[in-house]
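Architecture and fold: a report
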Amino acid sequence: MTTTETASRPPTRRPKRNASVLFDVPGPRARRRNHILTVVFALVFLGVLALLIWALDQKHQLDGKLWTPFTKANVWQNYVWHGLWATLKATVVAAVLALVFGVVFGIARLSDHRWIRLPAGAVVEFFRAIPVLIMMFFALVGPPIIADAFGRAFDPLSGFEAVVVGLTLYNGSVLAEIIRAGINSVPSGQSEAGYSIGLRKSGVMLRILVPQGITAMMPAIVSQLVVLLKDSALGYIIAYEDLLNSGFYQVKSNYGNLIPAAIVVTAIYVAMNMALGYFANWLERRSRRSSRSAARSLGTGTGAPPAAGVGGSGVGLP
Amino acid sequence: MNLNELIDFAPVFDNLGQILRGFWTTVQLSAVTAVFAMIIGTVVAGMRVSPIPVLRGAGTVYVNLFRNTPLTLILLFCGLGLRDTLGIWAHGDASTSGYWLAVLGLSVYTGAFICESLRAGINTVPLGQAEAARSIGLTFNQSLRLVVLPQAFRSVIAPIGSVLIAMIKNTSVALVAGSSEATAVMKQMFDDDSGSVVPIFLVFAAGYMILTLPTGYFFGWLAKRKAVSR
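Being a predicted model, the structure only gives us computed values, none of them experimental.

It is worth spelling out the overall build of chain A at this point. Helices and strands together make up the secondary structure of chain A, namely 10 helices and 0 strands. Listed N to C, the secondary structure of chain A is α-α-α-α-α-α-α-α-α-α in terms of helices and strands. Across chain A, the fraction of contacts at a sequence separation of at least 24, relative to all contacts at a separation of at least 6, is 71%.

Here is the structure:
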């Protein structure tokens, strides 16, 4: 696709009507039916909600006293903020390392030399095909034993380090695919033009492909950060004191307030991830409008083709 | 310890039965979850594209809630909350109840992603297709069955495949809810025999790759075969 084609795409904004691909603009009868169904389903949902509240109340999970721990500053200080800080620390460190990993392996997979391209591809596909959790377990116990076999001593990794290693290897591999796809999404005419004005491979990459590819891949990269942030909760399993461990498990164990603790921690996770998600969507809208890049945006994930074998990058997956 | 001991696979093959049982649980967990997640995803996607605002709102809340909550939290809530506190499936065999709680948590979580893939698929069908269907006099059901859904389903094969592969890998978290699938077996073996963690890890990594890679190539092949030329 060339720039002119991108520019001449019809505007996506349609006149504001209620027609969708499934439903025509409702007439008077359909409107009346929709109003009735609205009331019916509202009642059904309220009924389910009431049932849920009644069931929880029967088990004394909604008693006011269960919320009192969350009115104390020291609970927020020692458990919630403590855990949130640990989660953010692991997320940020892993995000930076994963970006470095992704850039190195993404560009290595685009190399003209087979002896660079194939090993890089094997590493990326290996880490994308196995669960993050088994990487974390292995990071926790593996290094000292491997070091021992080579006659060296090596202290076991801490929970924090194991979380970061697991998150970096998996998300770094996904980011490598995103970066590869982003650079491939720049039309070939761009690099041909670069070569024809006398740039070398590195010049074409750094001055032409990367700047335009970044616009296309930014939304996908931010979407992947949502995955990384959510996966940091796996740290709970390997006894890292993250938000899930300290804010939910420990609070619940110490104060016996399962439902309030779950609500508070879920709200924090959902708020952080939705903020990142909106940021990704905003970036995507912006990059679709942008005329500075000839590349088409990779999107934010929901519809992007991913996973080994399926082709594409695996952006923003569970 | 020397290099030969480091990559000695003998202790792993002594426990092959245990490993295979673990992976068999993983396969069952994935298959059952796939079915429930598809059902949940389809229902919620139907809600999100319906003309009734309450249904749309409920669908949006569902997706935003479960898609943005860590799976570990959902499964932990299933184990600690539903079973230990509220007494759901608390009776009987611990690993059976752990299995079904894991199915519940994984289905609810994966369903949100299936819903978004289906909705994206419906949105790829151009409005003109539906308008053309209506203008030749097809009813709502006919245009849905003959024109819109066939195109939508074809374009979601690849995204759904990716969601299902991610779900297979996510079954590793099911140990939080008390299910004894492959990752739980691996953790147990790490604890029992810390000397041979390298071969154990490699065997389990290979096991997961045997599950995920062919699934990926199958969906990639199917998506290419069924692609809509547009």
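From this point, the discussion proceeds with the structure in view.
Glancing now at a nonpolar patch on the surface. Residue and element names in this part refer to chain B. On the surface, a cluster of nonpolar side chains totalling about 710 Å² of accessible area is made up of V35, F36, I39, V43, I88, W89, W100 and L104. Elements represented by at least two residues in the nonpolar patch include exactly helix 3 (16-48) and helix 6 (94-124). In terms of residue count, the dominant contributor to the nonpolar patch is helix 3 (4 residues). In this fold, V43 is placed in helix 3. Judged by relative accessible area, which is 48%, V43 ranks as partly exposed.

Another point: the pattern of salt bridges. Overall, the coordinates contain 9 salt bridges over all chains when judged by the stated rule. Note that A:R180 and A:E177 form a salt bridge whose closest N and O atoms lie 3.2 Å from each other. A residue pair is termed a helical-turn pair when its members lie 3 or 4 positions apart in one helix, as A:R180 and A:E177 do in helix 6 (residues 159-184) at 3 residues. A:R180 sits in the partly exposed class, given a relative accessible area of 24%. What makes A:E177 buried here is its relative accessible area of 3%. Taking the shortest distance from any N to any O, the salt bridge between B:E116 and B:R119 comes out at 3.3 Å. Of this pair, B:E116 and B:R119 both sit in helix 6, 3 residues apart, which is roughly one turn of that helix. Residues joined by salt bridges that share partners form a network here, namely A:R109, A:E125, A:R128, A:E177 and A:R180.

It is worth spelling out the interface of chain B and chain A at this point. Taken residue by residue, the interface counts 73 residues in chain B and 63 residues in chain A. Summing both partners gives a buried area of about 6,000 Å² for chain B against chain A, and 78% of it is carried by carbon and sulfur. Taken as a group, B:N68, B:L127 and B:F201 account for 10% of the area that chain B buries against chain A, more than any other trio of residues on that side. At the level of secondary structure, the elements contributing two or more residues to the side of chain B that touches chain A comprise helix 1 (3-6), helix 4 (53-67), helix 5 (71-85), helix 6, helix 7 (127-135), helix 8 (140-170), helix 9 (182-192) and helix 10 (197-225) of chain B.

To continue, consider the confidence of the model for chain A. Residues and elements named next belong to chain A. For chain A, per-residue confidence averages 81 on the pLDDT scale, and residues scoring 70 or more make up 86% of the total. Note on residues 1-11: pLDDT is under 50 here. Beyond four places in sequence and across chains, it has 5 contacts. Overall, residues 311-315 carries pLDDT values under 50, and its contacts beyond four positions in sequence, including any with other chains, amount to 26 contacts.

What follows covers the packing of aromatic side chains. Any two aromatic rings considered together are summarised by their centre-to-centre distance and by the angle between their planes. Considering all chains together, one arrives at 14 aromatic pairs over all chains under this definition. Ring geometry for A:F101 versus A:F105: centroids 4.4 Å apart, planes at 20 degrees, classification stacked. Of this pair, A:F101 and A:F105 both sit in helix 3 (residues 73-108), 4 residues apart, which is roughly one turn of the helix. Both rings, one in A:F138 and one in B:F201, keep their centres 4.2 Å apart while their planes meet at 20 degrees; by these two values the pair is stacked. A residue pair is termed interchain when its members come from two chains, as with A:F138 in helix 5 (residues 132-149) and B:F201 in helix 10. Summarising the burial analysis for this pair, A:F138 and B:F201 share the class buried. An aromatic cluster of three or more residues is present, and its members are B:F23, B:F204 and B:Y208. Of note, A:K89 hangs over the ring of A:F160, and the distance from its end group to the ring centre comes to 5.0 Å.

Rules of the game
Residues numbered from 1 in each chain as written. Chains lettered and ligands numbered in written order. Predicted model: local features only at pLDDT ≥ 70, side-chain atom pairs only at ≥ 80, totals over all residues. Heavy atoms only, no water. Helix = DSSP H or I, 4+ residues; strand = E, 2+ residues; numbered from the N terminus. Contact = heavy atoms within 4.5 Å. Patch = residues over 30% accessible without salt bridge, like charges linked within 9 Å, V, L, I, M, F, W, Y side chains within 5 Å. Areas by Shrake-Rupley, 256 points an atom, 1.4 Å probe, with all protein chains shown as cover. Salt bridge = Lys/Arg side-chain N within 4 Å of Asp/Glu carboxyl O. Buried < 20%, exposed > 50% of the residue type's maximum accessible area, 1.4 Å probe, protein only. Buried area = accessible area lost by both parts, 1.4 Å probe. pLDDT = per-residue confidence, 0-100. Phe/Tyr/Trp six-rings, centres within 6.5 Å; stacked < 30°, edge-to-face > 60°. Lys NZ or Arg CZ within 6 Å of the ring centre and 35° of its normal.

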